[in-house]
Amino acid sequence: MTSLLLTGIAELVTNDPTHDGTPLGLLHDAAVVVEGRRIAWVGPRHAAPDADAARDLGGPAVLPGFVDSHSHLVFNGDRAEEFAARMAGESYAAGGIRTTVAATRAASDEQLYANVARLVAEMRRQGTTTVEIKSGYGLNVLDEARSLAIAREFTEETTFLGAHVVPPEFADDPAGYVELVSGRMLEAAAPHARWIDVFCERGAFDEDQARTILAAGQAAGLGGRLHANQLGLGPGVRLGCELGLTAVDHCTYLDDADVAALADSGTVATLLPGVEFSTRSPYPDARALLDAGVTVALASDCNPGSCYTSSMPLCVALAVREMRMTPAEAVWAATAGGARALARDDVGVLAPGHRAHLTVLDAPSYLHLAYRPGVPLVAEVIA
Ligand SMILES: [Zn+2]
């Protein structure tokens with residue numbers, strides 16, 4: 001296997017604390033050796049081993065590719081008009097999802113595939129190298145299964161979200177829909193999915209329904225995750241912690257017991273500040289979570305309704321500006337934190353044996369991701 005020595009790295013974020021004793025594991029004037037798809041060596045340039053080929057990156061900062069652990073990319077159409085209405089004063093409710101469900105069901109496989117391809121490429125240009133993609137705009141057996149089959153073409157991290165919202169045809173029979181999601185729909189979805197997720201929120205699915213669906217998913221071999229506590233206080237976060245889920249996402253409204261449950265269980269709290277930005281809502285209290293010792297991840301939640309950004313650099317900037325995270329905490333949460341939220345030990349960290357996913361910035365330091373919001377700072381992605 002040929003090896004490649006990368007030099008000209010003014011600042012390297014490794015997320016390997018052995019280098020400097022901090023979570024970011026910073027190295028200055030660093031080098032990385034890549035062999036095939038994996039990292040073979042990381043350290044100071046002066047100590048770098050020989051390699052078959054060498055490339056000087058010209059002096060920028062380099063970090064692990066972003067790990068976006070929460071997105072909804074399989075859909076058709078957009079909801080720009082709904083966004084405009086919201087900005088004109090209407091409030092966000094979970095029901096808007098139904099517009100996208102109708103458009104998604106009506107779309108061809110080719111249309112859905114092209115939409116995912118476009119958004120994954122957009123993410124890549126902004127430094128994302130690992131993305132989780134949910135279904136959840138099909139909401140019937142056929143359309144959920146094909147959504148996941150399409151998502152699988154792009155990532156191993158696919159999530160069955162049949163329990164996104166109760167579709168209109170089950171409006172009078174939510175129990176029948178829960179039975180379908182936990183039965184035939186799950187059977188059709190499971191071969192294409194790694195995870196199962198439930199929108200546990202007033203207006204979507206309650207605690208008992210979430211429990212039933214997650215149990216069925218876990219029995220089918222899927223890992224559990226939850227959308228919880230986005231629109232108000234509720235049982236979702238504590239349920240996720242009780243069940244030992246890998247991650248609970250949103251966590252916008254938390255009481256002290258929720259924070260304690262997250263800290264005790266080790267469940268990752270995934271914060272999605274693009275949603276609060278796009279819905280003009282209060283942000284989660286990241287500081288309280290971090291101070292309590294909770295592992296925090298940042299993700300985009302890219303979807304056509306509540307947050308149509310695919311930009312992890314924007315999420316980092318919002319986390320710092322609006323959620324009182326330090327730039328170091330935000331960059332860790334968008335890389336290593338995302339990997340934890342997906343139970344992945346091969347991405348999010350630049351260390352020997354890990355995947356060679358590197359985001360090269362057109363900036364001398366990772367600090368610029370928060371310091372220069374809205375600026376296209378990703379010069380190149382090596383993956
Ligand atoms: Zn979501």
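Residues numbered from 1 in each chain as written. Predicted model: local features only at pLDDT ≥ 70, side-chain atom pairs only at ≥ 80, totals over all residues.

Caption draft 1: Representation of the packing of helix 3 (residues 109-125) against helix 4 (residues 141-152) in the model. At a minimum axis distance of 10 Å, the contact between helix 3 and helix 4 shows a crossing angle of 45 degrees. Compared by their axis directions, helix 3 and helix 4 come out oblique. By crossing handedness, the relation of helix 3 to helix 4 is classed as right-handed. Contacts from Asp 109, Leu 112, Tyr 113 and Val 116 of helix 3 reach helix 4 at Arg 146, Ser 147, Ile 150 and Ala 151. Grouping the amino acids of the contact of helix 3 with helix 4 by side-chain chemistry returns five nonpolar, one polar and two charged. (Axes fitted to C-alpha atoms, helices over the stretch in contact; angles between N-to-C directions. Helix = DSSP H or I, 4+ residues; strand = E, 2+ residues; numbered from the N terminus. Parallel < 35°, antiparallel > 145°, perpendicular 65-115°, else oblique. Left-handed = near helix turned anticlockwise from the far one by under 90°. Contact = placed C-beta atoms within 7 Å. Nonpolar A, V, L, I, M, F, W, Y, C, P; charged D, E, K, R; others polar.)

Caption draft 2: Representation of the domain arrangement of the chain within the structure. What the domain assignment reports for the chain is domain 1 (3-65 + 349-382) and domain 2 (66-341). Each of domain 1 and domain 2 was reduced to a C-alpha centroid, and the two centroids are 30 Å apart. Of all the elements in the fold, those that place two or more residues in the side of domain 1 that touches domain 2 are strand 5 (61-64), helix 14 (368-371) and strand 16 (378-382). In the side of domain 1 that touches domain 2, the residues fall into 14 nonpolar, four polar and no charged. (Domains from an automatic or database assignment.)

Caption draft 3: The arrangement of the environment of His 368 in detail. On the secondary structure map, His 368 appears in helix 14. His 368 gets classed as partly exposed once you count the C-beta atoms within 10 Å, which come to 18. It is 35 Å that separates the C-alpha atoms of His 368 and Met 1, two residues lying 367 residues apart in sequence. With sequence-adjacent residues up to four places away left out, His 368 is seen in contact with Leu 361, Ala 363 and Leu 377. (Buried ≥ 20, exposed ≤ 12 C-beta atoms within 10 Å, placed from the backbone.)

Caption draft 4: Broad picture of the sheet that holds strand 8 (residues 133-134). On the basis of which strands lie adjacent, the open sheet formed by seven strands has the order 8-9-10-11-12-13-14 and parallel pairing. Taken across any chain shown, the strands that pair with only one partner, and hence form the sheet edges, are strand 8 and strand 14 (296-298). The pairing of strand 8 with strand 9 (residues 158-163) spans two bridges and is parallel. Of the residues in strand 9, the one forming a bridge with Ile 133 is Thr 158. (Pairing = 2+ DSSP bridges.)

Caption draft 5: Fine view of the packing of helix 4 against helix 5 (residues 174-189). At a minimum axis separation of 8 Å, helix 4 and helix 5 run at an interaxial angle of 30 degrees. As summarised for this structure, helix 4 and helix 5 are arranged roughly parallel, according to the angle between their axes. For the crossing formed where helix 4 meets helix 5, the hand is right-handed. Contacts from Val 141, Glu 144, Ala 145 and Leu 148 of helix 4 reach helix 5 at Arg 184, Met 185, Ala 188 and Ala 189.

Caption draft 6: Up close: helix 8 (residues 256-265). Where helix 8 is concerned, the buried positions are Asp 258, Val 259, Ala 261 and Leu 262. Considered in projection along helix 8, the buried side chains sweep an arc of 160 degrees and stay on one side of the axis. Helix 8 presents Asp 256, Ala 257 and Asp 264 as exposed residues on the side facing more than 90 degrees away from its buried surface. Packing partners of the buried residues in helix 8 comprise helix 7 (236-242), strand 13 (268-271) and helix 10 (286-291). Just beyond helix 8, the residue with positive phi is Gly 266, at close to 80 degrees. (Arc of directions from axis to C-beta.)

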